[in-house]
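Here is how the chains run, residue by residue.
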Amino acid sequence: MKEDSPETVHEYFKDLRKAFYTDKTHDIKWRRKQLGQIILAFEEMKEEISVALEKDLGRDHFISLYQEITAIPNRAKEDSANLEYYMKPEKRDTPVLLAPAKSRMVYQPLGAVCIYGAWNYPFVTTFSPLICAVAAGNCALVKPSEMAPHSSAVMRTIVEKYLDNECFKVAEGGAEVSIACSQMQWDKICFTGSPQKGSLVAQAAAKNLVPCLLELGGKCTTIVDEDANAQFAGFKVMSSRLANSGQICTSPDYVLIHESKKDEFIESAKATIKDSYGEDPQKDVFYSRMINEFHTERVFKLCSGHGGKVVTGGKCDIKDRYMEPTIIENPSLDSEIMKEEIFGPILPVVTFKDFQEVIDHMHEREKPLAMYYFGSVFGEHKKILEERVQAGGMVVNDCVIHALNNRLAFGGVGQSGQGRYLGIDGFRNFSNQKAVLVKPTINIDSVNKMIMPPFTEEEKAKLMNMLTMPYYQSHAQKLLLAIALVLTILTYLFVL
C-alpha cells in the first residue's frame, strides 16, 4: 500500500475541483464510459481482487467472488442502463397563483466528493457509492481503509488504470490522511465505518458545512416470533451471522426469540455451524478470519462477563485471527456484548414472553441499520415492526439480502447512519436537486402589480383567496380540458 501525505490530499482536492469545472462529467457518454471501465476492471482483475481479499480477511476466493466481487459490475450495469431515466428532470405541479409556468426538479452533479471505504467488504463499501457518484456526474477522491492494505493497493491500481485520472484519485494512508480528507471543503463526504469514526468525520465536515452520507452499522436486531419456523430461522440467522466471520454491518447482531422457540432455534443454529464449516471451523477453507489480532481479542473479550450461558463455541486463536462460532443464551441486557456492536461470529440469543417486550426493547435502544423478523407475513406483529419501529432496513423471514437489491435504497437511520445509496436513490444523494420554475414573459400591468402594494380591501381578499387555494395549474388544465370535451360533445349532439 502506498502512503499518501496530507499535502497530497490537498493537491488532489484542487485537481478534482479544477477537473469538475471543465464540465466533462456532465456528459452522459462520459459517465457511461466510466461505469463501463469499472465493469471492465472487475472482469479483468478478479484474481488480483480475490488474492487481496484473501490476504486481508482470510476469505476463500469463491466466497469473495459471490459475496463481493460480482456485486460491483452488476451495480454499474444497473446504473448505466438506467442513467437516462435517472437524469431526466422530474415534473412538479405549479400552483394556479404562479401560472402559467412549468416546474421541475433538475438533477445536477454536486462537484468533487470524497468516499471513505471500510475494511470488512473493502470493494463493495468503496465502489458502491463511487458508482453512484460517477452516475451523478461527480469527480471523486477514494480513501480505502488502511486496515485492508492489499485491497487498498488494488483499488489504487483500478482507479489509476481504468478511470479518468483527472476526475478520480485515490488517497492511501492512515489517520493523518483520513483527517486531512475530512477537513477539505468537498461537495459531499460518504463514509462507511463505525459510528465513533463516522462522528469524527461528520464533526470535521461540519466546520466547512460539508454534507455527509454516513453508513455506520450498529446492533442489527433479529426477532423470532411465536409463530415462526424456528428451524428455518436458526439456519438463516446463523448462516448470515457467520458470513465473513460476522464482520458485516448488516449481520444479525443478536436475537430476540419467543421462549417457546429458543431450544429448536439453538439446535438448528448449532447444526448450521457443523453443516457449513465441519467439526473444526478453524481448519475449514470457507471460514473467514478476523481483520487483525486487535479485533480478534476485542471480540473474544465479549465472551466473558455477560452473565449468560455459552451453549457452543467460545474458543479463540488470536495469532490465527480466529474466533470460533459462538452462541450465548440469555446474556444480561446491560452487558457489553448487548451494548457494543459485536462485529464477529458471536450470536447472543435473548428470550421474551410477550411481544410488547420486543417493542419496548427496540424503542429504548439506538435505531439499527437493519432489522430481521421471522414470523407470519400476514400477522399484526410484522405490521407493527414495519410501520412503527424504525430501522435503516427490514427483511421478513431472511437476513441481509435487502442489500443485494440494487433498486432498493441502502442506508441507516439515527446512530446507524444517514442518507442512502444504490440505484436512483444513490444517484439523487450524489446530486444537487435543483428546483426550477420557468414562466413566459407576461408584461401585463395589472398582473405584475397584483402582489404589490398598495392593496384595497377587495384586492387583499382576492390575493389571500388565491394564496390559500389548494388548486394547481395541472388541475386547472384538466378542468379546462374536461369543459372543452363536454362542450365538444354537446356541440356534436345538439348543433351538428
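Residues numbered from 1 in each chain as written. Predicted model: local features only at pLDDT ≥ 70, side-chain atom pairs only at ≥ 80, totals over all residues. Heavy atoms only, no water.

The protein is annotated in an unreviewed UniProt entry as Aldehyde dehydrogenase from Euplotes crassus. A UniProt comment under Sequence similarities (unreviewed entry) is attached to the protein, and it reads "Belongs to the aldehyde dehydrogenase family." (UniProt positions renumbered as here; feature names shortened; annotations may be inferred.)

Draft legend 1. Inspection of the packing of helix α5 (residues 71–81) against helix α7 (residues 122–135) at higher detail. Interhelical geometry of α5 versus α7 gives an angle of 15° and a closest axis separation of 10 Å. Regarding the angle of α5 to α7, the classification is roughly parallel. For the crossing formed where α5 meets α7, the hand is right-handed. The segment α5 lies against α7, with A71, I72, R75, A76 and D79 engaging F123, V124, F127, S128, I131, C132 and A135. (Axes fitted to C-alpha atoms, helices over the stretch in contact; angles between N-to-C directions. Helix = DSSP H or I, 4+ residues; strand = E, 2+ residues; numbered from the N terminus. Parallel < 35°, antiparallel > 145°, perpendicular 65-115°, else oblique. Left-handed = near helix turned anticlockwise from the far one by under 90°. Contact = heavy atoms within 4.5 Å.)

Draft legend 2. Main features of the pairing of strand β13 (residues 326–329). Of the two faces of β13, both are covered, the one formed by T326 and I328 as well as the one formed by I327 and E329. Summarising the sheet, strand β10 (residues 309–312) and β13 pair through 3 bridges and their orientation is antiparallel. Bridged to K309 within β13 is E329. Here β13 runs beside strand β14 (residues 346–352); their pairing, made up of 4 bridges, is parallel. When the bridges of β14 are listed, I327 appears paired with L347. (Buried < 20%, exposed > 50% of the residue type's maximum accessible area, 1.4 Å probe, protein only. Pairing = 2+ DSSP bridges.)

Draft legend 3. Seen up close, the UniProt feature "domain: Aldehyde dehydrogenase" (unreviewed entry) in the protein. Using the residue numbers shown here, the UniProt feature "domain: Aldehyde dehydrogenase" (unreviewed entry) corresponds to residues 5–436. Structurally, residues 5–436 is divided into 43% helix and 18% strand, and its ends, taken at the C-alpha atoms, are 42 Å apart.

Draft legend 4. Structural detail: the sheet that holds strand β15 (residues 371–374). Taken together, 7 strands build an open sheet; the order of strands is β10-β13-β14-β9-β8-β15-β16 and the sheet is mixed. The open sheet has two edge strands with one neighbour each: β10 and β16 (394–396). In this sheet, adjacent strand axes meet at a mean angle of 25° when their direction is disregarded.

Draft legend 5. Here's a closer look at helix α3 (residues 46–57). With 12 residues, α3 should reach 16 Å at 1.5 Å per residue; the first-to-last C-alpha distance of 16 Å fits that figure. Of all the residues in α3, the buried ones are I49, S50, A52, L53, D56 and L57. The arc that holds the buried residues of α3, viewed along the axis, is 160°, so those residues lie on one side. On the buried face of α3, the contacting elements are α2 (28–44), α4 (61–69), α7 and α8 (149–162). A positive backbone phi angle near 60° is found at G58, which sits one or two residues after α3. (Expected span 1.5 Å × (residues − 1). Arc of directions from axis to C-beta.)

Draft legend 6. Empty space enclosed by the protein, seen in detail. Evaluated as defined, the whole model comprises 1 cavity of 30 Å³ or more. Residue lining of the largest cavity: R75, E78, D79, S128, I131, N406, L422 and G423, and that is the complete set. With 3 residues, the top contributor of residues to the lining of the largest cavity is α5. Broken down by class, the residue content of the lining of the largest cavity amounts to 2 nonpolar, 3 polar and 3 charged. (1 Å grid on protein atoms, 1.4 Å probe; cavity = no way out; pocket = protein on both sides within 12 Å on 5 of 7 lines; lining within 4 Å. Points joined across faces, edges and corners; volume = space filled by probe spheres on them. Nonpolar A, V, L, I, M, F, W, Y, C, P; charged D, E, K, R; others polar.)

Draft legend 7. Examining the side chain of R31 more closely. Within the secondary structure, R31 sits in helix α2. With no salt bridge to any partner, buried R31 finds its closest opposite charge in D27, at an N-O distance of 7.3 Å. At a separation of 3.5 Å, a polar atom in the side chain of R31 contacts the main-chain carbonyl oxygen of A136. Beyond its immediate stretch of four places on either side in the chain, R31 contacts T25, H26, L83, M87, P109, V134, A135, A136, G137 and F427. (Lys, Arg positive; Asp, Glu negative; His and termini not counted. Salt bridge = Lys/Arg side-chain N within 4 Å of Asp/Glu carboxyl O. Polar contact = N/O pair within 3.5 Å; in protein donor to acceptor, adjacent residues only side chain to side chain.)

Draft legend 8. Highlighting the pattern of salt bridges. Enumeration over the complete set of coordinates arrives at 28 salt bridges. Of the charged contacts, one joins E267 and K270 as a salt bridge, the two residues approaching to 3.6 Å between their closest N and O atoms. Remark: K270 and E267 occur in helix α12 (residues 262–277); sequence separation between them is 3 residues, near one turn of the helix. Accessibility expressed as a relative area gives 30% for K270, which makes it partly exposed. Across the salt bridge formed by E458 and K462, the nearest N and O atoms sit 3.5 Å from each other. Placement of both E458 and K462 in helix α19 (residues 457–468) is noted, with a separation of 4 residues, approximately one turn of the helix. You'll find E458 and K462 in the same group, each marked exposed.

Draft legend 9. Main features of the nonpolar core. Core analysis: the largest hydrophobic core is formed by 111 residues, its most contacted members being F42, I158, W186 and F265. Broken down by element, the residue count for this core peaks at 9 residues, all from α7. With sequence-adjacent residues up to four places away left out, W186 is seen in contact with F13, L16, R17, A112, V113, C114, L141, C181 and V210. (Core = buried A, V, L, I, M, F, W, Y, C linked by side-chain atoms within 4.5 Å.)

Draft legend 10. Spatial organisation of a negative patch on the surface. Taken together, the side chains of E226, D227, E259, D354, E357 and D360 present a region of like negative charge at the surface. Checked against the element boundaries, E357 lands in helix α15 (residues 355–364). (Patch = residues over 30% accessible without salt bridge, like charges linked within 9 Å, V, L, I, M, F, W, Y side chains within 5 Å. Areas by Shrake-Rupley, 256 points an atom, 1.4 Å probe, with all protein chains shown as cover. Charge placed at Lys NZ, Arg CZ, Asp CG, Glu CD.)

Draft legend 11. Structural view of a positive patch on the surface. On the surface, K88, K91, K102 and R104 cluster together into a patch of positive charge. Looking at where R104 falls in the secondary structure, it is placed in strand β2 (residues 102–109). Accessibility expressed as a relative area gives 31% for R104, which makes it partly exposed.

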